[in-house]
Amino acid sequence: MKDEKGKIFFPKGNLAKDTLGTMLDSYGISVDHLIVYETAPNQNLENLLENEKLPDWVIFFSPSGAISSLPILKKFYSENLSNAKLVAIGPTTKKEIENLGFDVYKVAEKPNPEAVMQALLDN
């Protein structure tokens, strides 16, 4: 049955969840997953932050973005970081921010730029 519905080639990053692949598989669609890029933190982030003041808002578009930057932001801004409003693009990112010990001020209703902008405007 799987061969009748065809095969999908799914290029993705190393941190991608397998949600879509699992769903397609449950419909009898064969999926070949191939990792085509790896997410890596910016090794220069600390240098980039040296002359930056604490922002009013910090927007996270992925769990890996939160994992890579929140510890460094905390190092630079210490307890003052709680004065910045943290925004997550969706529930998975929100959960990761909270797992790292931070409060999330807003979550975008949909994972797109318009919803993030609306979250900022609904202040």
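Residues numbered from 1 in each chain as written. Predicted model: local features only at pLDDT ≥ 70, side-chain atom pairs only at ≥ 80, totals over all residues. Heavy atoms only, no water.

### A closer look at unusual backbone geometry
Consideration 1: Here Ser-78, not a glycine, exhibits a phi torsion of approximately 40 degrees, which is positive.
Consideration 2: Along the chain, the position of Ser-78 falls in the loop between α3 (63-77) and β4 (85-88).
Consideration 3: Residue classification places Ser-78 among the partly exposed positions, given a relative accessible area of 39%. (Helix = DSSP H or I, 4+ residues; strand = E, 2+ residues; numbered from the N terminus. Buried < 20%, exposed > 50% of the residue type's maximum accessible area, 1.4 Å probe, protein only.)

### Looking at the confidence of the model for the protein
Low-confidence regions, as indicated by low pLDDT, have predicted coordinates that should not be scrutinised in detail.
Consideration 1: Residue-level pLDDT values for the protein average 88, and 96% of them are 70 or greater.
Consideration 2: When mean pLDDT is taken per element in the protein, helix α4 (residues 91-99) scores highest with 96 and helix α1 (residues 19-26) scores lowest with 82. (pLDDT = per-residue confidence, 0-100.)

### With respect to the pairing of β4
Consideration 1: When strand β3 (residues 57-60) meets β4, the two strands line up parallel, connected through four bridges. Bridge pairing in β4 places Ile-59 opposite Val-87.
Consideration 2: Remark: the β3/α3/β4 crossover connection has right-handed handedness.
Consideration 3: As paired strands, β4 and strand β5 (residues 106-107) are joined by two bridges and run parallel to one another. Of the residues in β5, the one forming a bridge with Ala-88 is Val-107.
Consideration 4: Taken together, β4, α4 and β5 form a β-α-β motif whose crossover is right-handed. (Pairing = 2+ DSSP bridges. Right-handed = clockwise from strand over helix to strand, strands pointing away.)

### As for the sheet that holds β3
Where strands meet in a sheet, backbone hydrogen bonds hold them as pairs that are either parallel or antiparallel.
Consideration 1: Here we have three strands laid out as an open sheet, ordered β3-β4-β5, and parallel in their pairing. With partners counted over all chains shown, the strands left at the sheet margins are β3 and β5, one partner each.
Consideration 2: In the packing of α4 onto the sheet, contacts are made with β3, β4 and β5, and the angle to β4 comes to roughly 140 degrees.
Consideration 3: Its contacts with the sheet place helix α5 (residues 113-121) against β3, β4 and β5, and it is angled at close to 155 degrees to β3. (Contact = heavy atoms within 4.5 Å. Axes fitted to C-alpha atoms, helices over the stretch in contact; angles between N-to-C directions.)

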